[in-house]
Amino acid sequence: MIIGTAGHIDHGKTTLVRALTGVETDRLKEEKARGISIELGYAYAPLPNGDVMGIIDVPGHERFVHTMAAGAVGIDHALLVVAADDGVMPQTLEHLEILQLLGVKKGTVALTKVDRVLPERVQEVKLEIAAILSVSSLHDSPIFETAASQPGDAGVQALREYLQVQAQMMPARAQDGLFRLAVDRVFTLPGQGTVVTGTVFNGKVSVGDNLVHSGSGQAVRVRSIHAQNQAADIGVAGQRCALNLAGIAKEDIIRGDWIADARVLQASDRIDIRLHLLAEAQPMQQWTPVHVHIGTQRCTAHVALLQDSAIEPGTEVAAQLALDHPVFTIPGDRLILRNAQASRTIAGGMVLDPYAPARKRRSAERMAYLQALESLITTGSPAALVHHANHGISLSQLQRLSGRALGNLALPGTQHIPQPDGDAVLIDAERWQRLQQQVLDTLARFHEKYPDEPGINAARLRRMAWPGLIHPQHDKLWRALLDEMLAAQQLTSSGAWLHLPGHSVQLSAPEQTLAEQLMPRLQDGRFDPPWVRDLAADIGTGEEVVRQLLRKLARQGDVFQVVKDLFYTAANMDELARIIKELACATPNGEVVAREFRDATGLGRKRAIQIIECFDRLGYTRRVRDAHVLRPDAQWHSQVQKG
């Protein structure tokens, strides 16, 4: 069990911890000189059952509340310290608010310095404490009268025994999560190297494990572990751990960073939260500036409202934080908000969506998604999340959101779509069928409107059937859908075109004979094929006959019309597409300019531009100022041309 002290400055927190454990937590020279805690201090005490109880001693001065917040995250039990002479003070109340906002529900009160006041004063302060606790999550907390500066004080002994019982009764946290440790200290030890300390939020870690540092993305290896101040082979959720790391320097790590399993790390600068505005705070308006404490990190942000009116004091609503610095978090993580001056705690909350969108954040679809995330937090099941993901959700994303390794997750009524990279997309089976029906309906309307057209290339079909969904994250889902529909013969491909089964554009016998004369000539022309007039003269037939046949062949995907009366075979277009891709991949921005394409093909500038513009029309590239870039949703192959 991790116990965190809380209370006003100079109320005797450090003295009490020393009396309980025998450990001096003020370690900095300035702390000893000034007699107050500035940094987090840690003490450990063995329990009768062989476990270890850890105590985090946090500073109480108003200027160091941000340090208090860093220590409060991850604690299991609050030790609220109130001095009998001063009674309840401003930081007493603020620390109590922070504990509640961080979801701490178990606690004990130590009434210190009772040897300095009369019994009447002790009773008066106990009534004060009972009053403030009665409206908090710590309302059932017992109060112990202590005089920690007196050796062998009976109150300290009673408090110690009570905390030991609570520690031994506390159930162990689940260890099936992906490992995350929030760094609150980093230092070096001679002969050992970099050491980080912090509370383990999720999972477990073993000596030899390979993890990732969130701030730099560097891979690190765990050389050794101290858990609850004892050498150990593993560290688990709920423990204070020190990890000796290989592969990273002390200077690369700061408080607020994470050492974690790579599968759970993804930075975000927008998060949707369940926000609770304190009753004493001012109404929260749109774009209110705040200081955010999350994990052991502190950063600034603005609050984006997900409702039309201001957030009223004492209420709890969904809201979005637009952060000025990326954070690494998962649903269920707790946070606190302080005002723009960082002088007062005004709100707290729980992370719902760590990867919130900047647009359409108030839509009914988003609200349903946030409700599904709350279900994931409370039940641990991703079923509601998959059900509300209109276009599916990847297994890797589900792992990041749940903080757990999900393996080959199988949910009733869910379509499991394997991906080439080993990932998978999970989508509600009914939604998967609706997405397929959207494709069939789109093709049916197209065939009705353009009966002489062979079909639609895959990139264009996607834009017509799934308007607006051109993000690369949907690429794999689209390709999987086409593969399944083609395999099930719901769709058929003819060259570059996708169409419904039974739909075709046929050549007559004379057209087929003429095509057999034209196609070799076009193929031999490679990047500079003959024009329609030259083909007609060469085979001794009319230009219009050749022109109409080539247009028909273009509708079948056998040739492509670059400009009027200039046609390229599919094979030659494949080669040109390959050249464009190679040129794009060779530049940092993926851009292709006409000059480079001209040189690569040996064509003139005018023809090079005509060909690139043709690829623009076909959806393989798009123009960006004076260059062209590959479309993220386009994969060229003339015989399939999937996007």
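Reading the values: rules and limits
- Residues numbered from 1 in each chain as written.
- Predicted model: local features only at pLDDT ≥ 70, side-chain atom pairs only at ≥ 80, totals over all residues.
- Heavy atoms only, no water.
- Helix = DSSP H or I, 4+ residues; strand = E, 2+ residues; numbered from the N terminus.
- Rg over C-alpha atoms; globule rule 2.2 N^0.38 Å.
- Buried < 20%, exposed > 50% of the residue type's maximum accessible area, 1.4 Å probe, protein only.
- Contact = heavy atoms within 4.5 Å.
- Areas by Shrake-Rupley, 256 points an atom, 1.4 Å probe, with all protein chains shown as cover.
- Lys, Arg positive; Asp, Glu negative; His and termini not counted.
- Charge placed at Lys NZ, Arg CZ, Asp CG, Glu CD.
- Pairing = 2+ DSSP bridges.
- Axes fitted to C-alpha atoms, helices over the stretch in contact; angles between N-to-C directions.
- Salt bridge = Lys/Arg side-chain N within 4 Å of Asp/Glu carboxyl O.
- pLDDT = per-residue confidence, 0-100.
- Core = buried A, V, L, I, M, F, W, Y, C linked by side-chain atoms within 4.5 Å.

Engineer: So what's going on with the overall build of the protein? Which residues, and what values?
Structural biologist: A count of helices and strands for the protein gives 18 helices and 31 strands. Scaling as 2.2 N^0.38, a compact globule of 643 residues should have a C-alpha radius of gyration of about 26 Å, whereas the protein reaches 33 Å, well beyond that. Across the 643 residues that make up the protein, the buried fraction comes to 53%. When contacts within the protein are restricted to residue pairs at least 6 apart in sequence, long-range pairs at least 24 apart make up 65% of them. As displayed, the protein has an accessible area near 28000 Å², and 50% of this comes from carbon and sulfur atoms. Measuring between centres, the 67 positive side-chain charges of the protein sit 4 Å from its 72 negative side-chain charges.

Engineer: Break down the sheet that holds strand β31 (residues 627-630) for me, citing the residues and quoting the values.
Structural biologist: Note on sheets: strands pair through backbone hydrogen bonds, and any given pair is parallel or antiparallel. One open sheet holds the 3 strands; their spatial order is β29-β31-β30, and the pairing between them is antiparallel. With one partner strand each, in any of the chains shown, β29 (591-592) and β30 (621-624) form the two edges of the open sheet. Across 4 bridges, the pairing between β30 and β31 is antiparallel. When the bridges of β31 are listed, Thr621 appears paired with Leu630. Along the sheet, helix α18 (residues 605-618) makes contact with β29, β30 and β31, crossing β30 at roughly 110°.

Engineer: Mind laying out the pattern of salt bridges, listing which residues take part and the relevant values?
Structural biologist: A full pass over the atoms with the stated rule returns 27 salt bridges. For Arg547, the salt bridge goes to Glu543, with nearest N and O atoms at 3.5 Å. Taken together, the positions of Arg547 and Glu543, both in helix α15 (residues 543-556) and 4 residues apart, correspond to about one turn of that helix. On the basis of relative accessible area, Glu543 is assigned to the partly exposed category, the value being 39%. A salt bridge links Arg547 to Asp565, with the nearest nitrogen and oxygen atoms 2.6 Å apart. Within this pair, whereas Arg547 is found in helix α15, its partner Asp565 is found in the loop between β27 (559-563) and β28 (566-569), the two being separated by 18 residues in sequence.

Engineer: Just give me the short version of the confidence of the model for the protein, but keep the residues and values in it.
Structural biologist: Within the protein, residue pLDDT values average 88, and 92% of them lie at 70 or more. Across the protein, the secondary-structure element scoring lowest on mean pLDDT is helix α2 (residues 29-34), at 38, and the one scoring highest is strand β10 (residues 210-213), at 98. Every residue in residues 26-39 scores below 50 in pLDDT, and together they form 32 contacts with partners more than four places removed in sequence or on other chains. Low pLDDT (under 50) marks residues 639-643, which in the prediction has 27 contacts with non-local residues, meaning those over four places away or in another chain.

Engineer: Provide a residue-level description of the environment of Gly12, including the pertinent values.
Structural biologist: Tracing the backbone shows Gly12 in the loop between β1 (2-6) and α1 (13-21). The contact partners of Gly12, leaving out residues within four places of it in the chain, are Val81 and Lys113.

Engineer: Can you lay out the pairing of strand β7 (residues 180-189) for me, pointing to particular residues and giving the numbers?
Structural biologist: Note that β7 and strand β8 (residues 193-202) share 9 bridges and pair antiparallel. By the bridge assignment for β8, Arg180 is matched with Asn202. Between β7 and β8, which pair antiparallel one after the other, the connecting turn spans 3 residues, and Gly191 there sits at a positive phi close to 80°. Looking at chain direction, β7 and strand β15 (residues 258-260) are connected through 3 bridges and run antiparallel. The residue bridging Leu181 from the neighbouring strand is Ile259, located in β15.

Engineer: Describe in detail the nonpolar core, supporting the description with residues and values.
Structural biologist: A general trend in soluble globular proteins is that nonpolar side chains are found buried together. Grouped together as the largest cluster of nonpolar side chains are 26 residues, with contacts concentrated most on Met573, Leu576, Phe597, Ile611, Phe615 and Trp636. Breaking this core down by element, the ones donating at least two residues are β27, β28, α16 (570-585) and α18. Among the elements that take part in this core, α16 stands out by supplying 8 residues, more than any other. Apart from residues lying up to four places away in sequence, Phe615 is in contact with Met573, Leu576, Ala577, Ile580, Tyr620, Thr621 and Trp636. Residues Ile56, Val104, Leu138 and Ala147 belong to the second largest nonpolar core, which totals 25 residues.

Engineer: For the sheet that holds strand β23 (residues 414-418), give the residues involved together with the corresponding values.
Structural biologist: Here we have 3 strands laid out as an open sheet, ordered β22-β24-β23, and antiparallel in their pairing. Both edges of this open sheet fall to β22 (393-394) and β23, since each of them pairs with a single strand only. Relative to the sheet, helix α10 (residues 429-449) contacts β23 and β24 (424-428), its axis offset from that of β24 by approximately 95°.

Engineer: Summarise unusual backbone geometry; cite the residues concerned and give the values.
Structural biologist: Residues other than glycine seldom take positive phi values, yet Ala342 does so here, at roughly 55°. Secondary-structure assignment places Ala342 in the loop between β20 (334-338) and β21 (345-353). You will see that Asp565, though not glycine, has its phi angle at about 70°, which is positive.

Engineer: Kindly report on the environment of Arg622, identifying the contributing residues and their values.
Structural biologist: Locating Arg622 in the fold gives a position in strand β30. Residues contacting Arg622, with those up to four places away along its chain left out, are Asp616, Ala627, His628, Val629 and Arg631.

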